[in-house]
Amino acid sequence: MDKPIARLDESISRLFDVTPIPTVITCPKGHLLYTNPALCKFLGYSRDEIMSHDVVMTHPDDLALNQRIRSQLSREPFTPIQVEKRYRHKKGHTLIAQLNIAADVNEAGRVHHFVSQIVDMTAMRKSHAAELLLNHMVKKCSDAIYVAEMEYGHILNCNELAYKRLGYSKEELLQLSVIDINPRFSKETTGVSMFVG
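This section reports on the structure supplied with the text. Everything quoted here is computed from the prediction, not taken from an experiment. (Residues numbered from 1 in each chain as written. Predicted model: local features only at pLDDT ≥ 70, side-chain atom pairs only at ≥ 80, totals over all residues. Heavy atoms only, no water.)

This part is about the sheet that holds strand β3 (residues 81–88). Strands sit in the order β2-β1-β5-β4-β3 across an open sheet of five strands; the sheet is antiparallel. Bordering the open sheet on either side are β2 (32–35) and β3, each of which pairs with just one other strand. When the angles between neighbouring strand axes are averaged without regard to direction, this sheet yields 30 degrees. Bridge count for strand β1 (residues 23–26) against strand β5 (residues 111–120) is four bridges, and the pairing is antiparallel. In the sheet register, T26 faces β5, and the bridge partner there is F114. Helix-sheet contacts for helix α4 (residues 63–75) involve β3, β4 (94–105) and β5, and the interaxial angle to β3 is about 155 degrees. The strands touched by helix α5 (residues 122–140) are β3, β4 and β5; relative to β5, the strand with the most contacts, the crossing angle is about 30 degrees. (Pairing = 2+ DSSP bridges. Helix = DSSP H or I, 4+ residues; strand = E, 2+ residues; numbered from the N terminus. Axes fitted to C-alpha atoms, helices over the stretch in contact; angles between N-to-C directions. Contact = heavy atoms within 4.5 Å.)

Here you go:
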């Protein structure tokens, strides 16, 4: 192997080891060749456990999807795939994730292995549900409500009474921070997310 290529592979491996995104390298038949610590944390396994052939990290109902993905990448190796699928945590619960997978093709034009990154959608879905609930509560409240980001005081949400009381449209108000509206507040002021004035 060419020395610069070997150094590049070593650098990529070190990068995968420190990235917070679960990363996996598999052979064309699906056997794990590499997993990073983020994947182990995501699924609750040690590296030795997850690398054993006894562990199946894909949810049983999505095993056929794995086969379709590998087949499609074998036919079209230069077209990466992005798909939502389910994984099984060591404790048994289901995790929903976005799988981003690409084929690595060798010099002969054959798929050498697949490189995957897995983005946890479970937390995003819970966050989205909480945001929908908050939006509903903000809209229905009979008081002026402002929701601001804690660190810098950027206004994230408000109800109709809030933006009308200040003489803005909602779109205009969402471009501002608490400090823009009331200069008494600064980043150091505690409770900036609670009170505008």
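Anyway, onward from the coordinates.
With that out of the way, let us pick up the environment of D48. Examined against the element boundaries, D48 turns out to sit in helix α3 (residues 47–51). The exposed category is assigned to D48, whose relative accessible area is 67%. Considered as a pair, D48 and T35 are 13 residues apart in the sequence and their alpha carbons are 10.0 Å apart. (Buried < 20%, exposed > 50% of the residue type's maximum accessible area, 1.4 Å probe, protein only.)

Here the focus is the pattern of salt bridges. A side chain of one charge can pair with a side chain of the opposite charge if their charged atoms are brought near each other. Scanning the model with the defined rule gives three salt bridges in all. The closest approach of N and O atoms between K90 and E49, which form a salt bridge, is 2.9 Å. Residue K90 is found in the loop between β3 and β4, and its partner E49 is found in helix α3; the two are separated by 41 residues along the sequence. Taking the relative accessible area as the measure of exposure, E49 reaches 30% and is therefore partly exposed. (Salt bridge = Lys/Arg side-chain N within 4 Å of Asp/Glu carboxyl O.)

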